[in-house]
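# Reading the structure
The primary structure of each chain is shown beneath.
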Amino acid sequence: MIIRDFTAEDYAAVVGVHASQKITWPEWPVDPQAWADADARRPPKYLCRRWVAVEDGQVVGYAGYKQSAGEYHPQRFQVDVKVLPGYQRRGIGSALYACLLDGLQRFDPRVLRADAFTHLPHGFRFLQSRGFFEAFRETPVYLDAHAFDPTPYAQLETGLNAQGIFIKTLRELEVDPDRNQKLFEMYCAADADIPHEEIEIEPLEFSEWLSWGVSEPYVLPDAYLVAICAGEYVALRDVSEYGGQALLGGLMGVRRDFRQRGIALALMVRNLIYAREHGYREFKDCTAVQNAPMQALFNRLGFSRAPEWQQCQKNLG
């Protein structure tokens, strides 16, 4: 077995290794070109590097680190180690992890983050034995979009309209010259008001958010929703596409003074109607285990649960 630097020719093999783990969330594309495109769009500020393990003439595992918008700190890194099931428990993952740590040293890392999943307990044990602990946990959920019946909610938006609250799509709001700035402020307010793990990150800047918050190709301008009252943005629902088969729910937030009016429910119903009418097989989402309002909303709409996502952390230095 040898470990070498990742090259562009390795995308297909690395995506195959990832797909072999059968991870339901977070959603990663199974198309190698999508991985390559995401790497090409990553701003130079966010570091990223991978290695591959080769045995029997094939890539059998990979390791890597990266930094991402929305959770950036120069000494914080998301790390990933995966090995094909038939090659696990042979020291390949350990060797890849050692290579990854060595590659990170010049950046003086303070925090490493890694994902584990309750249906893959050996992954959590691997991390735990290397000093990681579970810092946060989220519940992935999914719903068959074609089976959803919106009939019971037919008058929901009418009731909101009577209160002066209207739901608009990102595309419909293109006529608002201040749309992006107002949307950014609503996004930051919503993000700050949901359960988070205790992490140190740099504040999100408008110009940086603009490059991915409304401009990435996976953003759907006819599915991304904003609730408006008297010209003010009072709620948002970020939705994106995954592989043409599913919609993914992103951030949802409602201003505190507009809660308990059914706005979040109306946004979710709109999401599910859009998914069904546009031929998406599933609607997928995720929320913190302690986010009781979102958990209750998913229950009300009949979402099923997937294995829980364990966000693990190791503190260095």
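The residue numbers shown here count from 1 along each chain, following its written sequence. Under the rules for a predicted model, residues below a pLDDT of 70 receive no local features and side-chain atom pairs below 80 are neither given nor counted, while totals for whole chains, interfaces and linings still include all residues. Excluded from the side-chain calculations are hydrogens and water; all other atoms, namely the structure's heavy atoms, are used.

### Section: helix α9 (residues 292–301)
Considered for burial, the residues of α9 that qualify are M294, Q295, L297, F298 and L301. Across the axial projection of α9, the buried residues extend over an arc of 160°, all falling on one side. Exposed residues pointing more than 90 degrees away from the buried face of α9 are listed as P293, N299 and R300. Lining the buried residues of α9 we find β6 (133–144), β10 (246–254), α8 (263–277), β11 (282–288) and β12 (304–305). Three labels apply to residues, based on accessible area from a 1.4 Å probe with only protein chains included: buried if under 20% of the type maximum, exposed if over 50%, partly exposed otherwise in between. Every helix listed is a DSSP run of H or I at least four residues long, and every strand listed is a run of E at least two residues long, numbered separately from the N terminus. Note that the arc is computed from the directions linking the helix axis to the C-beta atoms. The contact rule is simple, with two residues in contact once any of their heavy atoms fall within 4.5 Å.

### What to know about the pattern of salt bridges
The term salt bridge refers to a pairing of a side-chain nitrogen on Lys or Arg with a carboxyl oxygen on Asp or Glu at a separation within 4 Å. If you walk through the whole model with that rule in mind, you get 19 salt bridges. The salt bridge partner of D176 is K182, with a shortest N-O separation of 2.9 Å. When salt bridges with common partners are traced through the structure, they connect D39, R42 and R50 into a single cluster.

### Let's talk about helix α1 (residues 11–19)
All of the buried residues in α1 are Y11, V14, V15, V17 and H18. Along the long axis of α1, the arc covered by the buried residues comes to 155°, so they all point the same way. Contacts made by the buried residues of α1 are with α2 (32–41), β2 (48–55), β3 (58–66) and β4 (76–83).

### Describing the packing of α1 against α2
In this description, a line fitted to the C-alpha atoms serves as the axis of each element, helices being fitted only across the stretch in contact, and the angle between N-to-C directions of two axes falls anywhere from 0 to 180 degrees. The interhelical angle for the contact between α1 and α2, taken along N-to-C directions, is 110°, at an axis separation of 8 Å. Judged by the inter-axis angle, α1 sits roughly perpendicular to α2. Along the contact surface, α1 presents Y11, A12, V14, V15 and H18, while α2 presents P32, W35, A36 and D39. Residues belonging to the contact of α1 with α2 are distributed by class as follows: seven nonpolar, one polar and one charged. When describing relative orientation, an angle under 35 degrees is termed roughly parallel and one over 145 degrees roughly antiparallel, while 65 to 115 degrees is termed roughly perpendicular and anything else oblique. In this count, Pro and Cys sit with the nonpolar residues alongside Ala, Val, Leu, Ile, Met, Phe, Trp and Tyr, while Asp, Glu, Lys and Arg are called charged and the others, Gly among them, polar.

### Thoughts on the side chain of D10
Tracing the backbone through its elements, the reader meets D10 in the loop between β1 (2–5) and α1. Note on D10: relative accessible area 4%, which makes it buried. Each polar contact in these results corresponds to two N or O atoms within 3.5 Å; when the atoms are within protein, one needs to be able to donate a hydrogen and the other to accept it, and residues that are neighboring in sequence are counted only if both atoms are side-chain atoms. Of note is the side chain of D10, whose polar atom sits 2.8 Å from the backbone nitrogen of T7. Ignoring anything within four residues of it in the chain, the contact list for D10 reads R4, D5, V52 and V59.

### Re unusual backbone geometry
Its identity is not glycine, yet K22 carries a phi of approximately 55°, on the positive side. Within the element layout of this structure, K22 appears in the loop between α1 and α2. Although it is not a glycine, R89 adopts a positive phi angle of roughly 60°. Along the polypeptide, R89 turns up in the loop between β4 and α3 (92–104).

### Digging into the packing of α8 against α9
Close contact between α8 and α9 brings their axes to 11 Å; oriented N to C, the two are set at 50°. Taken as axis vectors, α8 and α9 run oblique relative to one another. Remark: the crossing between α8 and α9 carries right-handed chirality. The segment α8 lies against α9, with A264, L265, M268, V269 and L272 engaging L297, F298, R300 and L301. Residues of the contact of α8 with α9, tallied by class, amount to eight nonpolar, no polar and one charged. A crossing counts as left-handed when the near helix is turned anticlockwise from the far one by less than a right angle, and as right-handed when that turn is clockwise.

### Some points on the packing of aromatic side chains
The aromatic pairing rule takes the rings of Phe, Tyr and Trp, using the six-membered ring of Trp, and pairs them if the centres are within 6.5 Å, calling planes under 30 degrees apart stacked, those over 60 edge-to-face and the rest tilted. All told, the structure shown has 18 aromatic pairs when counted by the stated rule. Their ring planes at 80° and their centres at 5.6 Å tell us that Y65 and F77 sit as a pair that is edge-to-face. Here the residue Y65 occupies a position in strand β3, and F77 occupies one in strand β4, the gap between them amounting to 12 residues. The two residues Y65 and F77 agree in class, both being buried. The rule for a charge over a ring is simple: NZ of Lys or CZ of Arg within 6 Å of the ring centre, and within 35 degrees of the ring normal. Positioned over the ring face of F126 is R130, at 3.7 Å from the centre of the ring.

### Digging into the nonpolar core
In globular proteins that are soluble, nonpolar side chains generally tend to be buried together. Definition of nonpolar core: a set of buried residues of the types Ala, Val, Leu, Ile, Met, Phe, Trp, Tyr and Cys, connected through side-chain atoms within 4.5 Å. Within the largest apolar cluster, 37 residues are counted, with the highest numbers of intra-cluster contacts made by L247, I263, M268, F283, L301 and F303. At nine residues, α8 tops the list of elements feeding residues into this core. Residues within four places of I263 in sequence aside, it is in contact with L160, I165, A227, A235, V254 and F258.

### Here we look at the environment of L170
Following the sequence through the fold, L170 ends up in the loop between β7 (165–169) and α6 (179–192). L170 sits in the buried class, given a relative accessible area of 2%. Through-space distance from the C-alpha of L170 to that of V219 is 9.6 Å; in sequence the pair is 49 residues apart. Every residue in contact with L170, bar those within four places of it in the chain, is listed here: R179, L183, V214, V219, P221 and Y224.

Take it as geometry only, folks, not as evidence of what the structure does.
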